[in-house]
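Remarks on the overall topology
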Amino acid sequence: MIDVRNLSVSYGDLRALDDVSVDIADGEFVTVVGPSGCGKTTLLRTIGGLESPTTGRVRVDGDPPEVAQSDARLGFVFQDHTLLPWKTALENVTFLRRMAGKEPDSEGARDLLATTGLDGFEDARPAELSGGMKQRVAIARAIHLGADVLLMDEPFGELDEITRDEMGVEILRLWRENRKTVVFVTHSVPEAVFLGDRCLVVSGAPAVDGPTSPASGTGAPGRIVAEFDIDLPRPRDESVFGSEAFGRAVAEVRGALHDDA
Ligand SMILES: Nc1ncnc2c1ncn2[C@@H]1O[C@H](COP(=O)(O)OP(=O)(O)OP(=O)(O)O)[C@@H](O)[C@H]1O
């Protein structure tokens, strides 16, 4: 379980997040949606131990995130897939696991590449793969690492809409089969609704602390302004997009974003 308690994060004088608290259960798929600059990435990076809380705390199964990270319990998938250009798809998938000191499992890596639709591309280098294929490799890598928690930051942000929808269906299938806890940051309200068990709406613009602030800051620091349980039935596929329930959920989340804008 991920436990975020009264978390505030500042970069120097700039307060990016303020007093954020949330619990995320094992196996839950939580999406985080909000406008640019509201602190979504900061939240994800702090859960992942890549940023430190200024006040408050984060625990992953009771441990500080740095400990969970060093035990390879956290897997990251970012928009810029961060594949090593000189390694093949297969080597990219196995490399992190090797670095984490885990038992090599080339067969498992091949199977994962196959289930992500990359059968036959094991020996291709990133430059030979499309954007969607590279993201598939990055997702396979995080799952192969054996991480319990996948932290995903706009992983499909660079993809065209059709590939993005396909990748959404794909990630749900992998999640179902592997039962990871997923925290997924996106700008897209429909994507957040389609994927999530729960959708957190983050709002705000960073505030500059100082002698006359916070009132005089450039805005309000990021905080969770609403959260929605997404009750759409699972498994979900593209047919969900046309349903009334989906449209209603999207409208509700959009409403929360605009109310706070
Ligand atoms: N390393 C950093 N140093 C200084 N300021 C930072 C740093 N990282 C983020 N910020 C600032 O903190 C605020 C929140 O940034 P963050 O990247 O968390 O927002 P975001 O909601 O993920 O934005 P986007 O959707 O555009 O990626 C922004 O004002 C950003 O400029």
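Residues numbered from 1 in each chain as written. Predicted model: local features only at pLDDT ≥ 70, side-chain atom pairs only at ≥ 80, totals over all residues.

Thoughts on the overall build of the chain
Quick reminder of the rule: In this text, helices come from DSSP runs of H or I with a minimum length of four residues, and strands from runs of E with a minimum of two, each type numbered from the N-terminal end. Radius of gyration means the value over C-alpha atoms here, while the globule rule gives 2.2 Å times the residue count to the 0.38 power. Three exposure classes are used, based on other C-beta atoms lying within 10 Å of a residue's own C-beta, which is placed from the backbone: buried for 20 or more, exposed for 12 or fewer, and partly exposed in between. Think of it this way: build a C-beta for each residue from its backbone, and any pair within 7 Å is a contact.
Regarding its fold elements, the chain presents 8 helices and 10 strands. Taken over the C-alpha trace, the chain has a radius of gyration of 19 Å; the compact-globule value for 261 residues is 18 Å, and the two agree within 12%. Dimensions of the chain, computed from C-alpha atoms along their principal axes, come out at roughly 60 × 45 × 35 Å. For the chain, with 261 residues in total, the buried portion stands at 41%. Summarising the internal contacts of the chain: among those between residues at least 6 apart in sequence, 70% fall at separations of at least 24.

Quick word on the site of the ligand
This is how the line gets drawn: Any residue whose C-beta atom, as placed from the backbone, lies within 6 Å of a molecule or strand is termed near it.
Around the ligand lies a shell of 13 residues, among which Tyr11, Ala16, Ser36, Thr41 and Thr42 are the nearest. Listed by contribution, the elements that provide at least two residues to the shell around the ligand are strand 2 (14-24) and helix 1 (40-47). With 3 residues, helix 1 is the single largest residue contributor to the shell around the ligand.

Digging into helix 3 (residues 89-99)
Taken as a whole, helix 3 has its buried residues at Ala89, Leu90, Asn92, Val93, Thr94 and Arg97. In this fold, the buried residues of helix 3 make contact with helix 4 (106-115) and helix 5 (131-144). Just past helix 3, the residue Gly101 takes up positive phi, approximately 75 degrees.

Focus on the nonpolar core
Basically, it comes down to this: By our criterion, buried Ala, Val, Leu, Ile, Met, Phe, Trp, Tyr and Cys residues that link up through C-beta atoms within 7 Å make up a nonpolar core. For the purposes of this description, domain bounds are those given by an automatic or database domain assignment.
The biggest cluster of nonpolar side chains holds 66 residues, and the ones touching the most others in it are Val32, Ala142, Leu151, Val183, Val193 and Val253. The element best represented in this core is helix 5, accounting for 7 residues. Here this core spans two domains, and each of domain 1 (2-48 + 149-260) and domain 2 (74-147) adds at least three residues to it. Once residues within four sequence positions are removed from consideration, Ala142 is found in contact with Gly75, Phe76, Val77, Ala147 and Leu150.

Details of the domain arrangement of the chain
Definition in use: Gly counts as polar in this scheme, as do all residues outside two lists: the nonpolar Ala, Val, Leu, Ile, Met, Phe, Trp, Tyr, Cys and Pro, and the charged Asp, Glu, Lys and Arg.
When its domains are assigned, the chain resolves into domain 1 (2-48 + 149-260) and domain 2 (74-147). Here domain 1 and domain 2 have C-alpha centroids that lie 25 Å from each other. Counting residues at the interface gives 18 residues for domain 1 and 14 residues for domain 2. Elements with a contribution of two residues or more to the side of domain 1 that touches domain 2: strand 6 (149-153) and helix 6 (161-178). The element best represented in the side of domain 1 that touches domain 2 is helix 6, accounting for 6 residues. When grouped by side-chain class, the residues that make up the side of domain 1 that touches domain 2 number 10 nonpolar, 4 polar and 4 charged.

Some details on the packing of helix 5 against helix 6
Relative placement of two packed helices is described by the angle separating their axes and the distance separating the axes. Defined as follows: Note on definitions: angles span 0 to 180 degrees between N-to-C directions of axes, and those axes are lines fitted to C-alpha atoms, for helices only across the stretch in contact. Our angle categories are set so that under 35 degrees counts as roughly parallel, over 145 as roughly antiparallel, 65 to 115 as roughly perpendicular, and the remainder as oblique. Here a crossing is taken to be left-handed if its near helix is turned anticlockwise relative to the far helix by less than a right angle, and right-handed if that turn runs clockwise.
Remark: helix 5 packs on helix 6, axes separated minimally by 11 Å, with the N-to-C direction vectors making an angle of 15 degrees. Of the possible angle classes, the one that applies to helix 5 and helix 6 is roughly parallel. Here helix 5 runs over helix 6; the crossing is right-handed. Residues Gly132, Gln135, Ile139 and Ile143 of helix 5 form the contact with helix 6, whose own contacting residues are Thr163, Met167, Ile171, Leu174 and Asn178. Here the residues of the contact of helix 5 with helix 6 sort into 5 nonpolar, 4 polar and no charged.

Quick word on the pairing of strand 8 (residues 198-203)
Quick reminder of the rule: DSSP-based pairing: two strands are paired if at least 2 bridges between them are found.
The element strand 8 is largely enclosed, with a buried count of 5 among its 6 residues. Looking at chain direction, strand 3 (residues 29-33) and strand 8 are connected through 4 bridges and run parallel. Along strand 8, the bridge assignment pairs Val32 with Leu200. Where strand 8 lies against strand 10 (residues 223-229), 6 bridges are found, and the strand directions are antiparallel. Opposite Arg198, over in strand 10, you have Asp229 as the bridge partner.

As for the confidence of the model for the chain
Rules: A residue's pLDDT is the confidence the predictor assigns to it, expressed on a 0 to 100 scale.
Across the chain, the average pLDDT comes to 90, with 94% of residues at or above 70. Two summary scores accompany this predicted model of the complex, namely pTM at 0.92 and ipTM at 0.97.

Points about the sheet that holds strand 6
As summarised here, the arrangement of the 6 strands in space is 5-6-7-3-8-10, forming an open sheet in which the pairing is mixed. Edge positions in the open sheet fall to strand 5 (74-78) and strand 10, since each of these has one partner strand only. Across the sheet, the mean angle separating the axes of adjacent strands is 15 degrees when strand polarity is ignored. Examined bridge by bridge, strand 6 and strand 7 (residues 181-186) share 5 bridges and lie parallel to one another.

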